[in-house]
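Chain residues, written in single-letter form:
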Amino acid sequence: LGPLVGAIDQGTSSTRFLVFNAKTAELLSHHQVEIKQEFPREGWVEQDPKEILNSVYECVEKTCEKMKQLNINIANIRAIGVTNQRETTVVWDKTTGEPLYNAIVWLDLRTQSTVERLLKRIPGRNKTFSKFKTGLPLSTYFSAVKLRWLLDNVEDIRKAVEDRRAMFGTIDSWLIWVCICGKNGGIHCTDVTNASRTMLFNIHSLEWDPDLCKFFDIPMEILPNVRSSSEIYGLMKICPSRESGALTGVPISGCLGDQSAALVGQMCFQDGQAKNTYGTGCFLLCNTGQKSVFSEHGLITTIAYKMGRDKPAFYALEGSVAIAGAVVRWLRDNLGIAKTSQEVEKLAADVGTSYGCYFVPAFSGLYAPYWEPSARGIICGLTQFTNKNHIAFAALEAVCFQTREILDAMNKDCGIPLSQLQVDGGMTNNKILMQLQSDILCIPVVKPSMPETTALGAAMAAGAAEGVGVWSLNPGDLTAVTCERFEPQINPEESEYRYARWKKAVMKSMGWETSDGPSNG
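Residues numbered from 1 in each chain as written. Predicted model: local features only at pLDDT ≥ 70, side-chain atom pairs only at ≥ 80, totals over all residues. Heavy atoms only, no water.

A.B. asks: It is not clear to me how the overall build of the protein should be interpreted in this structure. Could you clarify?
C.D. replies: Check the secondary structure of the protein and you find 15 helices and 23 strands. Against the globule reference of 24 Å for 521 residues, the protein gives a C-alpha radius of gyration of 22 Å, in line with a compact fold. With the principal axes as the frame, the protein shows a C-alpha extent of 60 × 55 × 45 Å. Residue burial in the protein is summarised as follows: out of 521 residues, 62% are buried. Relative to all contacts within the protein whose residues are 6 or more apart in sequence, the contacts with residues 24 or more apart total 71%. Counting only carbon and sulfur atoms, one obtains 51% of the accessible surface of the protein, whose full area is about 19900 Å². Charged side chains of the protein number 52 positive and 56 negative; the gap between the two group centres comes to 2 Å. (Helix = DSSP H or I, 4+ residues; strand = E, 2+ residues; numbered from the N terminus. Rg over C-alpha atoms; globule rule 2.2 N^0.38 Å. Buried < 20%, exposed > 50% of the residue type's maximum accessible area, 1.4 Å probe, protein only. Contact = heavy atoms within 4.5 Å. Areas by Shrake-Rupley, 256 points an atom, 1.4 Å probe, with all protein chains shown as cover. Lys, Arg positive; Asp, Glu negative; His and termini not counted. Charge placed at Lys NZ, Arg CZ, Asp CG, Glu CD.)

Set out below in structure tokens:
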């Protein structure tokens, strides 16, 4: 079989471990575990860092068992890459190795009052005050405000910072620190793509920014070291009594935030190439090459990847949508209109129309292109005729309309409209959704037959690292992927009419929540 590369893919709703053939990019084996999200109060979203860690161990263990059954030698795994839900914030104690609080998930809204307080200190309350340093607007979404909230509200964390025991990191840092020795000399690092989502990182100098750390009042000694996305960070340590103990000593040599990893996995290495990932949220990224491009239309600027210590950083424009797959999970878990996500798809398929019903799932406010934290979810256009099938259909349509909004912004910023959309992520298995997306965008949608592009990107970064060198990223060596195409099937007039109605619904979702209301006290 030749050399293999493993990838830990720690997403918002699940963790996976996947093993790829480094020569053919073929997926050989994988295992997936769903992660519990906790909602302790309205607008709060947390996860247990220990549960996340155990889910990684379980996925690695089970994948190794499956490989054994397939007679594939685990010893052929030459490197491991890590990819992760971005922005989600963990603070832990480096002496005990224990988390000091639950991870605050990127979707969490508890920091709205923190954001308001910080805005008061900015001349003209300018949300985009750090745009040219960080590429980001001041929002509940990014790590700095979550970390500020933890320092303000959690006594254990304040004390650990005083005693110099505290470490901050996004999920990649937490996993890499534990998997490389933990409290016995763990490596505290992150990569440029994850660092670029904290709001503390200068995306040009590629260093933590002292002025921003001062603005958020965050002690720089708790921050991880920033490395490239493709280099050996250290060697894996797993309990030898486990099957996966065989991976002890394998280098962890790739690290990318999940959306950057998907861009790499979709082979978008050229300026102007773009992909849209449908996961918990929806993320459209367009590679802008070695120059950072700043949006006039509500997109953010982020680091796409840096494929080696001495290699240049590449940048991307990103349209971020908070709620995509999460709306299906909400219909399943909160409303109980279906037992599985597949059933939601079937409900929608049975009617084939939302019958004038529109669903704006602004559960965490609106992200791109509006950046409107006061918005909340609405379902409108209801009549006595509306049933759960129409609502299911409207939920799928919402994912497509939100993608159209960020694609429109991307086309305006880039000046060259995309002629087709490359897609990936769990939701792309939903054929109705893909057809609907093509209809609403009026361009073809192209999906690779192996949808695990995020994990593939992490594996590519790990396998290509200096000192590993089992995966070539030369354009000539990259294997062409087989794809499925969805062509638009409705006339553009109908598409435009529905899109205009959607925008009307979005306007009605705004200005709903004020931060001085009793619910946020």
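A.B. asks: What is the right way to look at the state of the cysteines in this model?
C.D. replies: Covalent bonding between the sulfur atoms of two cysteines defines a disulfide. For the structure on display, the rule yields zero disulfides. Of all cysteine sulfurs, the one in cysteine 64 lies closest to cysteine 59, which takes part in no disulfide; the gap is 11 Å. Of the residues examined, cysteine 59 reaches a relative accessible area of 0% and is grouped as buried. (Disulfide = S-S within 2.5 Å.)

A.B. asks: Please explain the sheet that holds strand 18 (residues 314-321) as it appears in this structure.
C.D. replies: Adjacent strands of a sheet form backbone hydrogen bonds with each other and so pair up, either parallel or antiparallel. Strand order in the open sheet made by the seven strands is 17-18-16-15-21-22-23, with mixed pairing throughout. Whereas interior strands pair on both sides, the edge strands pair on one side only; in this sheet they are strand 17 (300-305) and strand 23 (483-486). Looking at each pair of strands side by side, their axes are set apart by 30 degrees on average, direction ignored. In terms of strand pairing, strand 15 (residues 274-278) meets strand 21 (residues 421-424) through three bridges, oriented parallel. Following the sheet pairing, lysine 275 is matched in strand 21 by glutamine 422. Taken strand by strand, helix 13 (residues 431-441) contacts strand 15, strand 21, strand 22 (445-448) and strand 23, and its axis lies near 55 degrees from that of strand 23. (Pairing = 2+ DSSP bridges. Axes fitted to C-alpha atoms, helices over the stretch in contact; angles between N-to-C directions.)

A.B. asks: For this particular structure, what's the right way to read the sheet that holds strand 5 (residues 77-84)?
C.D. replies: The strand order 3-2-1-5-14-13 describes an open sheet built from six strands, whose pairing is mixed. At either margin of the open sheet sits one strand with a lone partner, and together these are strand 3 (27-34) and strand 13 (230-235). With direction set aside, neighbouring strand axes in the sheet form an average angle of 25 degrees. Two strands pair when backbone bridges link them, and strand 5 and strand 14 (residues 251-257) are joined in this way by five bridges, in the parallel orientation.

A.B. asks: So what exactly am I meant to see when it comes to the environment of asparagine 71 here?
C.D. replies: With respect to the element layout, asparagine 71 can be found in the loop between helix 1 (49-69) and strand 5. For asparagine 71, a relative accessible area of 73% puts it in the exposed group. A sequence separation of 373 residues divides asparagine 71 from proline 444, and the C-alpha atoms of the two residues are 40 Å apart.

A.B. asks: Teacher, can you tell me more about the packing of aromatic side chains here?
C.D. replies: The relation between two aromatic rings is expressed through the spacing of the ring centres and the mutual angle of the planes. Per the counting criterion, the structure on display carries 25 aromatic pairs. On the basis of an interplanar angle of 65 degrees and a centroid distance of 5.8 Å, the ring pair of tryptophan 106 and phenylalanine 283 is categorised as edge-to-face. Of this pair, tryptophan 106 sits in the loop between strand 7 (103-104) and helix 2 (112-119) while phenylalanine 283 sits in strand 16 (residues 282-289), and the two are 177 residues apart along the sequence. A relative accessible area of 3% places tryptophan 106 in the buried class. The structure contains a cluster of three or more aromatic residues connected by ring pairs, namely Trp106, Tyr141, Phe142, Phe283, Tyr367 and Trp371. Just above the ring of tryptophan 44 sits the side chain of arginine 110; from NZ or CZ to the centre is 3.8 Å. The ring centre of phenylalanine 215 lies 4.6 Å from the NZ or CZ of arginine 121, which sits over that ring. (Phe/Tyr/Trp six-rings, centres within 6.5 Å; stacked < 30°, edge-to-face > 60°. Lys NZ or Arg CZ within 6 Å of the ring centre and 35° of its normal.)

A.B. asks: Sorry if this is basic, but what is going on with helix 2 here?
C.D. replies: Note that an α-helix has 3.6 residues per turn; residues three or four places apart therefore point the same way. Looking at helix 2, one finds that the buried residues are Gln112, Thr114, Val115, Leu118 and Leu119. In an axial view of helix 2, the angular spread of the buried residues amounts to 160 degrees, which keeps them on one side of the axis. In this fold, the buried residues of helix 2 make contact with helix 4 (143-153) and helix 8 (210-216). (Arc of directions from axis to C-beta.)

A.B. asks: Please clarify how the UniProt feature "domain: Carbohydrate kinase FGGY C-terminal" (unreviewed entry) in the protein should be interpreted in this entry.
C.D. replies: Here, the residues flagged by UniProt with the feature "domain: Carbohydrate kinase FGGY C-terminal" (unreviewed entry) are residues 275-465. Along residues 275-465 one finds 37% helix and 21% strand; the C-alpha atoms at either end are 24 Å apart. (UniProt positions renumbered as here; feature names shortened; annotations may be inferred.)

A.B. asks: So what exactly am I meant to see when it comes to helix 14 (residues 453-464) here?
C.D. replies: A rise of 1.5 Å per residue sets the reference length of helix 14, with its twelve residues, at 16 Å; its end C-alpha atoms lie 16 Å apart and thus fit the reference within 8%. Of all twelve residues in helix 14, eleven are buried, a share of seventy percent or more. Buried residues of helix 14: Thr453, Thr454, Ala455, Leu456, Gly457, Ala458, Ala459, Met460, Ala461, Ala462 and Gly463, and no others. (Expected span 1.5 Å × (residues − 1).)

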